[in-house]
Amino acid sequence: MSGTIHEHDPPIEVVTAIIRHDGKVLLTRRREGTHLAGFWEFPGGKVHPGESMEAALIREVREEIGVRIKVGSLIDEETHAYTDRTVHLHFFDAHIVEGTPRPLGVADLAWAFPSQLDRYDLPPANARVVEQLR
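Keep in mind that this is a model prediction, so the values were computed, not measured. (Residues numbered from 1 in each chain as written. Predicted model: local features only at pLDDT ≥ 70, side-chain atom pairs only at ≥ 80, totals over all residues. Heavy atoms only, no water.)

Oppositely charged side chains can form a pair if their charged atoms are brought close together. One pass over the structure, following the stated rule, counts 10 salt bridges. Residue Glu 63 pairs with Arg 59 through a salt bridge whose shortest N-O separation is 3.4 Å. Taken together, the residues Glu 63 and Arg 59, both in helix α1 (residues 53-65) and four residues apart, mark about one turn of the helix. By relative accessible area, which is 43% here, Glu 63 ends up partly exposed. Its salt-bridge partner being Arg 128, residue Glu 78 comes within 3.3 Å of it at the nearest N-O pair. Note that Glu 78 is positioned in strand β5 (residues 68-81) and Arg 128 in helix α2 (residues 127-133), a separation of 50 residues in sequence. Overall, Arg 128 belongs to the partly exposed group, its relative accessible area being 41%. (Salt bridge = Lys/Arg side-chain N within 4 Å of Asp/Glu carboxyl O. Helix = DSSP H or I, 4+ residues; strand = E, 2+ residues; numbered from the N terminus. Buried < 20%, exposed > 50% of the residue type's maximum accessible area, 1.4 Å probe, protein only.)

Next up, the structure:
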């Protein structure tokens, strides 16, 4: 099977957490060897078949940064076509209920004021939610 995604392939469902603390939002950096390696993004990841979005987000955040979160309301959704895949992103408000973020499944993490988000190389699919956060 080739790595080419065709228009009829369904988008990959992705959930992301907008975690805020002291006026800042949490960003994670993608590891080398992954899709969009080196880009900064909001923590989260793919929804597995049969998994709810909330369960997927709780699992992904625990795997990536080692904290337990409470998932709040859906902030925005965005479908974005990259050259090799299409993603359907769901951005949720979330807050940490246990633990301190540390880079477990990500290359790095950072807390940034919304006004500073343009200093980070974020994927194009995040543009609209970044504008909303500013």
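Turning to the layout of surface pockets, a few remarks are in order. Approximately 320 Å³ is the volume found for the largest pocket. Lining the largest pocket are 21 residues, and of these Val 14, Arg 30, His 35, Glu 41 and Val 87 lie nearest its centre. At the level of elements, β1 (12-21), β4 (44-46) and β6 (86-98) are the ones that each hand at least two residues to the lining of the largest pocket. The residue makeup of the lining of the largest pocket, split by class, is 11 nonpolar, five polar and five charged. (1 Å grid on protein atoms, 1.4 Å probe; cavity = no way out; pocket = protein on both sides within 12 Å on 5 of 7 lines; lining within 4 Å. Points joined across faces, edges and corners; volume = space filled by probe spheres on them. Nonpolar A, V, L, I, M, F, W, Y, C, P; charged D, E, K, R; others polar.)

None of this, on its own, says anything about what the molecule does.
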